[in-house]
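For reference, the chains in residue letters:
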Amino acid sequence: MTPEKNKSIIALYAGTFDGITRGHLDIVRRSAELFNRLVVGVAKNTSKSPLFTMEERVGMIREETREIANVEVTLFEGLTMDYAEKIGANIVIRGLRIISDFEYELQMAMMNRTLNPRVETLFMFPTADHLHISSSMIKEVLLLGGEVSKFVPPATEKCLREKLGSIR
Ligand code: COA
């Protein structure tokens, strides 16, 4: 793939993003450098019970990515591959953190390839500082009074504190 070719590719970074982390943002920045249009797609994800509504998650990600010109943030329901087709995405980005992510991600990538062979899954690693974090772990640390500013940007941390405060 030549750099010129990359530039015509639309990439979709799909996920639940229930409290976007610095690790997610690291992947967003790296992907936005590679492709001329990056769509961050917030999934409804029926297998999780997110703390934030889809609209709240979209709002938080827009706030955190407003300085990156080629990033759009949207929400979607249904299959990621159907949404990729709808927006004309050729690539779905997934972040790989720890080895235990691999099995789930491999299964998902294979299923997604069957569902839509036109779309490639591309895996990216966040920086070493963010390899071990997840949105759930950050919520747990916050609830128990720990410090999370290394792992979430300030505006998102404020939203997390407000939400978690209200359900404690
Ligand atoms: N930095 C920090 N944390 C990260 C991360 C990174 N770079 N990348 C992932 N994570 C964490 C997330 O915070 C999340 O933590 P949590 O489980 O504690 O909330 C976890 O890793 C997984 O997150 P995410 O990348 O958002 O994936 P997901 O499993 O929540 O989302 C979907 C997966 C939504 C993309 C997938 O379920 C999907 O495609 N759903 C649509 C329906 C569909 O097409 N189904 C068929 C799939 S084969």
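Residues numbered from 1 in each chain as written. Predicted model: local features only at pLDDT ≥ 70, side-chain atom pairs only at ≥ 80, totals over all residues. Heavy atoms only, no water.

Enquirer: Is there a simple way to think about the overall build of the protein in this case?
Expert: A tally of helices and strands in the protein yields seven helices and five strands. Its C-alpha atoms give the protein a radius of gyration of 16 Å, within 12% of the compact-globule value 15 Å for 168 residues. Taking the principal axes of its C-alpha atoms as reference, the protein extends roughly 45 × 30 × 30 Å. In the protein, the share of contacts with a sequence separation of at least 24, taken over all contacts with a separation of at least 6, comes to 74%. A total accessible area of about 9500 Å² is found for the protein, and carbon and sulfur atoms account for 57% of it. Mean positive and mean negative side-chain charge positions of the protein (22 and 22 charges, respectively) differ by 1 Å. (Helix = DSSP H or I, 4+ residues; strand = E, 2+ residues; numbered from the N terminus. Rg over C-alpha atoms; globule rule 2.2 N^0.38 Å. Contact = heavy atoms within 4.5 Å. Areas by Shrake-Rupley, 256 points an atom, 1.4 Å probe, with all protein chains shown as cover. Lys, Arg positive; Asp, Glu negative; His and termini not counted. Charge placed at Lys NZ, Arg CZ, Asp CG, Glu CD.)

Enquirer: Mind showing me how you'd approach the site of the ligand here?
Expert: Lining the immediate surroundings of the ligand are 25 residues, of which T16, K48, T80, S135 and S136 lie closest. Between T21 and the ligand, the recorded distance is 3.3 Å, taken from a side-chain N or O atom to a nitrogen atom. S135 places a side-chain nitrogen or oxygen 2.8 Å from an oxygen atom of the ligand. Relative to its unbound accessible surface of 940 Å², the ligand loses 85% to contact with the protein. Listed by contribution, the elements that provide at least two residues to the shell around the ligand are β1 (10-15), α2 (22-34), α5 (99-115) and α6 (135-143). Tallied by class, residues from the shell around the ligand come to ten nonpolar, twelve polar and three charged. (Near = heavy atom within 4 Å. Polar contact = N/O pair within 3.5 Å; in protein donor to acceptor, adjacent residues only side chain to side chain. Nonpolar A, V, L, I, M, F, W, Y, C, P; charged D, E, K, R; others polar.)

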